[in-house]
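# Tertiary structure, described
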There are 2 protein chains.
Amino acid sequence: MDGRNIAACSYVETEGKSLKAINPATGLTLEGEFFKANESDIEDALHAANQAFYEYRNLNKDQKAAFLNAIADEITTIGEVLVNRASAESALPLGRLQGELGRTTGQLRLFANLVAEGSWVDAIIDTALPERQPLPKPDIRRMLVPIGPVVVFGASNFPLAFSVAGGDTASALAAGCPVIVKAHPAHYGTSALVAAAIIKAIEKTGVPKGIFSMLYDDAYAVGAALVQHPLTKAVAFTGSFKGGMALINLAQQRKQPIPVFAEMGSINPIVFLPQALANQAEELAKKYAASVTLGAGQFCTNPGLLLAVKSPALENFKNYLQEAIAVVPPATMLTGGIADNFAKLSAQIIDEAGVEVIAVSKLINNDLKNQSQAKIAQVSANDFIANPKLREEIFGPYSLLVVADDMEELEKTIDVLEGQLTVTLMAEKQELQHYQGLINKLSDKTGRIILNGVPTGVEVCAAMQHGGPFPASSDSRFTSVGSTAINRFVRPLAYQDWEQELLPDELKDGNPLGIYRTVNQKTTKSHE
Amino acid sequence: MDGRNIAACSYVETEGKSLKAINPATGLTLEGEFFKANESDIEDALHAANQAFYEYRNLNKDQKAAFLNAIADEITTIGEVLVNRASAESALPLGRLQGELGRTTGQLRLFANLVAEGSWVDAIIDTALPERQPLPKPDIRRMLVPIGPVVVFGASNFPLAFSVAGGDTASALAAGCPVIVKAHPAHYGTSALVAAAIIKAIEKTGVPKGIFSMLYDDAYAVGAALVQHPLTKAVAFTGSFKGGMALINLAQQRKQPIPVFAEMGSINPIVFLPQALANQAEELAKKYAASVTLGAGQFCTNPGLLLAVKSPALENFKNYLQEAIAVVPPATMLTGGIADNFAKLSAQIIDEAGVEVIAVSKLINNDLKNQSQAKIAQVSANDFIANPKLREEIFGPYSLLVVADDMEELEKTIDVLEGQLTVTLMAEKQELQHYQGLINKLSDKTGRIILNGVPTGVEVCAAMQHGGPFPASSDSRFTSVGSTAINRFVRPLAYQDWEQELLPDELKDGNPLGIYRTVNQKTTKSHE
């Protein structure tokens, strides 16, 4: 494991602070030495990325696809070592990380397929009408083109799938953009291993080395400098609201502002309709207890809010929930900081007016550090509406049950909610039709609306939308999961009356790539 | 002509400042009284828009298309009155405004066709795999949905095509969003006439009245309040860099930031390659003189910068250019403010180091006010690179010729340019292949790259991209002209395991609307 900073696929000697990885379950230092990047590393990374950009974007689509598949292959090769190290650094169970490894390589292959198929560039062609009156119509052809170097911030809670070779990196590379990764301080070693796999894939497939760099830091200076660098063209970040907003502000203050795709806080409300509660109290309680405590609640889609109208069925549900939560085993959280913060916030919440704890799991003294205790609190809709603090995310196995007097009050509760990544409706089929107004309201608050499921477990596919109205994400028009995530790193470029030979293949007459295009307002794969 | 403010299609009595329209050519007051909107008008407009949103967005696509066509019909009906009033308010010639009228109704019909066809919602369906291991795959279906009330600012230089029923309004209404127009102070009467046409179309087609309001102001307070209103979800603006940035800053400081699609300053460089200059000096000089002075240079795509390497052919070109500019007749500019600003800035430019005027048109004393004098200045590449002030837009019939010693210096000149709406390359076919590096650089700076044409005359079609890297527009990923302008006012929404009957028709099994969709990664119109 080589813990040096990486500029343009080359390991560089950085003088300065030495960094160590910590096992959050034991507090002990893990193998490997890492180095806080300095200004010259940042300059080298960005200049190399900028220099490699034209060559990389002009590679044909099969070369780019082969490269993405090669990264997946290299990661698969080191799978066992990688999963073990990630588990030691994050305290996440091996099974979970094996799943995340599959998701990471699956994502890379998904983007490889997308790029190889080629229609994602949204080629639109309007041919000339030289005889048109009063003015001739020019020939205009438009496609999506990559924007340039992208800075990717590794996320704490997905050391593989939202990190060095995660969805942000995969979609940026697929788009044709060079990537500079800022490794997350909670998993230096995992980052180093994945970066080495990417370097191997670059060497094997011969793509330009400048398209990949990775830098370490245990604080904020390197990330801030990367966002402020004039050659950076976009930023991808998954993390806290505070962290995301800090990057957004830096990006907006630049001479040339750039987009920051920040996937930030969300409390992912679950609305229980009356019949569903009446018919399935036990099943729903178990389902929900499992979802809120999965992975110690450290998911951006963790259901942090439960909305229901008071009823005997709700009391029944609460009893089952209490039982289910009581037996949830404690789990070490990702970092000491996250565990401390969760302990503090989930304890302080009962100081808020009207809040009481209705379910709690046991802490077992097993010598492991940074353990979480799952907790469900309850509050009236009235108190919830009056107190914005109750709408803030508490990252961890925590959820707040809001009890309304009637459906009207429940809808008012929804009115005060901010934007969300997900909203879930638990309902019996026959009651659904009576709640179209409620469904409209819920749809307006979210990027994904789920019926009778749980928000955790974000499927990686073309139809996924993982990004909702602010503050769930910085830009609700884009997703950070699924194949349309590639749209974050491209912009349309129109060619007017351009020479055939100089046009990109995607826009040439005869459709040499055989992709779907919109030609004179018709969707077609035709070679004519 | 009813000059009262309009909230939800109703004319409202506003107590407060009375406003008058001015003919910029005569300085005389035109018929009609208008009223500065007040806070209650703003509240009424936004609340009506928000209330009408669900009903409007849920209309079927044919109803929305019929409504857009009805606006075009109503505008066509009042065509002569409208063009006469617009000419009196803007000093633009009748012929130009007749063309703009056709463009405006054409735009509305283009969006009507887009909406009626229906595939623009980008429906993506990934069906369930309940048996998948280790976890079942849910059913996920995604489409673009409207974001809510949009504030549209009328633009000074297109009283019809970028104003009350212009491209921004047409694309927002097509997307399913209510629109609140802030009428431009330079054409109150034109705005009132078009607004009346929209109201008629709403009444005839029975769409909800809350989707259209229009407010007047002679300064900035109403516009600022509209951008800051919590119910506003997006803003569309075409105008100056300063004006656009003021709105962007207001939008970013909101509790919930919203996108401002601002199409701002651009100097639209034209690069002349050596052989083109050698072979076509006279033709190019005439073409360019016509483009820079068209409509008194009051186009966002006006070519404000000309780049060439010094040569005898360039001297020849300059002579022809001087002749062509000398005979350009003066024209009244859109407003007194614009005319004063142009006179001041185009006079001050010769105070900058190394700048000299090489061509100028005559001013004729014909008693018309606010006349422009076309001017071409020249500077060395060296001086241009050293002086950022020379890269600022001077709105009007002005252009700066930058003369480089060689192609290398010309490329350095391109390096210092900011983002542009258009870049044009004048070249002979056989020399093009030697300049791929130059073409790459030019592509990076612009939203549209033109070969051997002029940037003025922005074709309204599906392939058009009118929007470039900052500061040409606030977001290079979107266009304000052409059918993909609709993408500014929508966001993806994913439905997970949703009931068939409650899904939008676009996402239902059997494809009842017969639109193109991506189903399990295949593009298809199939009804299966």
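Bear in mind that the values here come from a model prediction, so they are computed numbers and not experimental data.

### Some points on the sheet that holds strand E21 (residues 522–524) of chain B
With respect to topology, 12 strands assemble into an open sheet ordered E15(A)-E17(A)-E18(A)-E13(A)-E12(A)-E19(A)-E20(A)-E19(B)-E6(B)-E5(B)-E20(B)-E21(B), the strand pairing being mixed. Whereas interior strands pair on both sides, the edge strands pair on one side only; in this sheet they are strand E15 (356–360) of chain A together with E21 of chain B. Averaged over all pairs of adjacent strands, the angle between their axes in this sheet comes to 25°, without regard to strand direction. With 3 bridges joining them, strand E12 (residues 269–272) of chain A and strand E19 (residues 420–426) of chain A adopt parallel strand pairing. Counted as the bridge partner of Ile-270 of chain A is Thr-424 of chain A from E19 of chain A. In the packing of helix H10 (residues 312–326) of chain A onto the sheet, contacts are made with E12, strand E13 (305–309), E15, strand E17 (375–380) and strand E18 (398–404) of chain A, and the angle to E15 of chain A comes to roughly 55°.

### What about the environment of Arg-517 of chain A?
Residues and elements named next belong to chain A. Take Arg-517: it is sitting in strand E22 (residues 517–519). Those residues within four positions of Arg-517 in sequence are excluded, and the remaining contacts are Ala-123, Ile-125, Asp-505, Glu-506, Leu-507, Lys-508, Asp-509, Gly-510, Asn-511, Lys-522, Thr-523 and Thr-524. Separated by 2.8 Å, the side chain of Arg-517 and the backbone oxygen of Lys-508 make a polar contact.

### Here we look at the side chain of Gln-496 of chain A
Take Gln-496 of chain A: it is sitting in strand E21 (residues 490–496). With a relative accessible area of 5%, Gln-496 of chain A lands in the buried category. Apart from the residues lying within four places of it in its own chain, the contact partners of Gln-496 of chain A are Pro-138, Asp-139 and Ile-140 of chain A together with Arg-448, Ile-449, Ile-450, Leu-451, Val-454 and Met-464 of chain B.

### Focus: the interface of chain A and chain B
Listed per partner, the contact involves 66 residues of chain A and 67 residues of chain B. The contact between chain A and chain B buries some 5,900 Å² in all, and 56% of this surface belongs to carbon and sulfur atoms. Of all residues in chain A, the largest losses of buried area upon contact with chain B belong to Arg-477, Arg-491 and Trp-498 of chain A, amounting jointly to 12% of the total for that side. Inspection of the chain A/chain B interface yields 12 salt bridges. Ionic pairing is found between Lys-255 of chain B and Glu-418 of chain A, a salt bridge with its closest N-O pair at 3.2 Å. Summed over the shared surface of chain A and chain B, the result is 32 residue pairs in polar contact (both at pLDDT 80 or more). Going through the elements one at a time, helix H1 (39–57), strand E5 (124–126), strand E6 (140–146), helix H14 (429–432), helix H15 (436–444), strand E20 (446–451) and E21 of chain A are the ones with two or more residues in the side of chain A that touches chain B.

### Details of the packing of helix H13 (residues 407–415) of chain A against H15 of chain A
Residue and element names in this part refer to chain A. One way to put it is that H13 packs onto H15 with a least axis distance of 10 Å and a crossing angle of 15°. Classified by the angle their axes make, H13 and H15 are roughly parallel. Read as a crossing pair, H13 and H15 show a hand that is left-handed. Contacts between H13 and H15 pair Met-407, Leu-410, Glu-411, Ile-414 and Asp-415 from the former with Gly-437, Leu-438, Lys-441 and Leu-442 from the latter. Classifying every residue of the contact of H13 with H15 gives 5 nonpolar, 1 polar and 3 charged.

### Notes on the relation of the copies chain A and chain B
Each copy of the sequence occupies a distinct position, and chain A is placed on chain B by a rotation of 180° and an axial shift of 0.0 Å, giving an RMSD of 0.0 Å. The transformation just described matches what one would write down for a two-fold rotation axis. Of the residues that chain A buries at the interface, 100% are likewise interface residues in chain B, meaning the two copies contact each other through the same surface.

### A closer look at the UniProt feature "domain: Aldehyde dehydrogenase" (unreviewed entry) in chain A
Within this numbering scheme, the UniProt entry marks residues 11–459 of chain A as carrying the feature "domain: Aldehyde dehydrogenase" (unreviewed entry). In this annotation, residues 11–459 of chain A is assigned 43% helix and 18% strand; the end-to-end C-alpha distance for the span is 35 Å.

### Regarding the pattern of salt bridges
With the rule as written, the count across this model stands at 56 salt bridges over all chains. Note that Arg-109 of chain A and Asp-73 of chain A form a salt bridge whose closest N and O atoms lie 2.8 Å from each other. In this pair, Arg-109 of chain A sits in helix H4 (residues 94–117) while Asp-73 of chain A sits in helix H2 (residues 61–77), placing the two residues 36 residues apart along the sequence. Residue classification places Arg-109 of chain A among the partly exposed residues on the basis of a relative accessible area of 29%. We classify Asp-73 of chain A as partly exposed; its relative accessible area is 39%. Salt-bridge contacts for Asp-122 of chain B lead to Arg-142 of chain B; the nearest nitrogen and oxygen are separated by 3.2 Å. Pair noted here: Asp-122 of chain B is in the loop between helix H4 (94–117) and strand E5 (124–126) and Arg-142 of chain B is in strand E6 (residues 140–146), with a separation of 20 residues, a long-range link. Under the relative-accessibility criterion, Asp-122 of chain B is labelled partly exposed at 33%. Overlapping salt bridges, with partners in common, bring together Lys-17, Lys-36, Asp-217 and Asp-218 of chain A in one network.

### Remarks on the sheet that holds strand E23 (residues 522–524) of chain A
Picture the strands of a sheet paired through backbone hydrogen bonds; they go either parallel or antiparallel. The sheet built from 12 strands is open, its strands ordered E23(A)-E22(A)-E5(A)-E6(A)-E21(A)-E18(B)-E17(B)-E12(B)-E13(B)-E16(B)-E15(B)-E14(B) with mixed pairing. A strand with exactly one partner marks an edge of an open sheet, and here the two such strands are E23 of chain A together with strand E14 (356–360) of chain B. Within this sheet the neighbouring strands show an average axis-to-axis angle of 25°, counted without direction. Sheet strands in contact with helix H15 (residues 436–444) of chain B are E21 of chain A together with strand E12 (269–272), strand E17 (420–426) and strand E18 (446–451) of chain B, and its direction is about 135° off that of E18 of chain B.

### Examining unusual backbone geometry
Peptide bonds are mostly trans, and most non-glycine residues show a negative phi. Residue Pro-134 of chain A follows Gln-133 of chain A across a cis peptide bond; omega there is 0°. Summarising the element assignment, Pro-134 of chain A is placed in the loop between E5 and E6. In the Ramachandran plot, Asp-497 of chain B falls in the positive-phi region, its phi being about 50° despite a non-glycine side chain. Within the secondary structure, Asp-497 of chain B is located in the loop between strand E19 (490–496) and strand E20 (517–519). According to the relative accessible area criterion, Asp-497 of chain B is partly exposed, its value standing at 32%.

Conventions and cut-offs
- Residues numbered from 1 in each chain as written.
- Chains lettered and ligands numbered in written order.
- Predicted model: local features only at pLDDT ≥ 70, side-chain atom pairs only at ≥ 80, totals over all residues.
- Heavy atoms only, no water.
- Pairing = 2+ DSSP bridges.
- Helix = DSSP H or I, 4+ residues; strand = E, 2+ residues; numbered from the N terminus.
- Axes fitted to C-alpha atoms, helices over the stretch in contact; angles between N-to-C directions.
- Contact = heavy atoms within 4.5 Å.
- Polar contact = N/O pair within 3.5 Å; in protein donor to acceptor, adjacent residues only side chain to side chain.
- Buried < 20%, exposed > 50% of the residue type's maximum accessible area, 1.4 Å probe, protein only.
- Buried area = accessible area lost by both parts, 1.4 Å probe.
- Salt bridge = Lys/Arg side-chain N within 4 Å of Asp/Glu carboxyl O.
- Parallel < 35°, antiparallel > 145°, perpendicular 65-115°, else oblique.
- Left-handed = near helix turned anticlockwise from the far one by under 90°.
- Nonpolar A, V, L, I, M, F, W, Y, C, P; charged D, E, K, R; others polar.
- Least-squares fit on C-alpha atoms with pLDDT ≥ 70 in both.
- UniProt positions renumbered as here; feature names shortened; annotations may be inferred.

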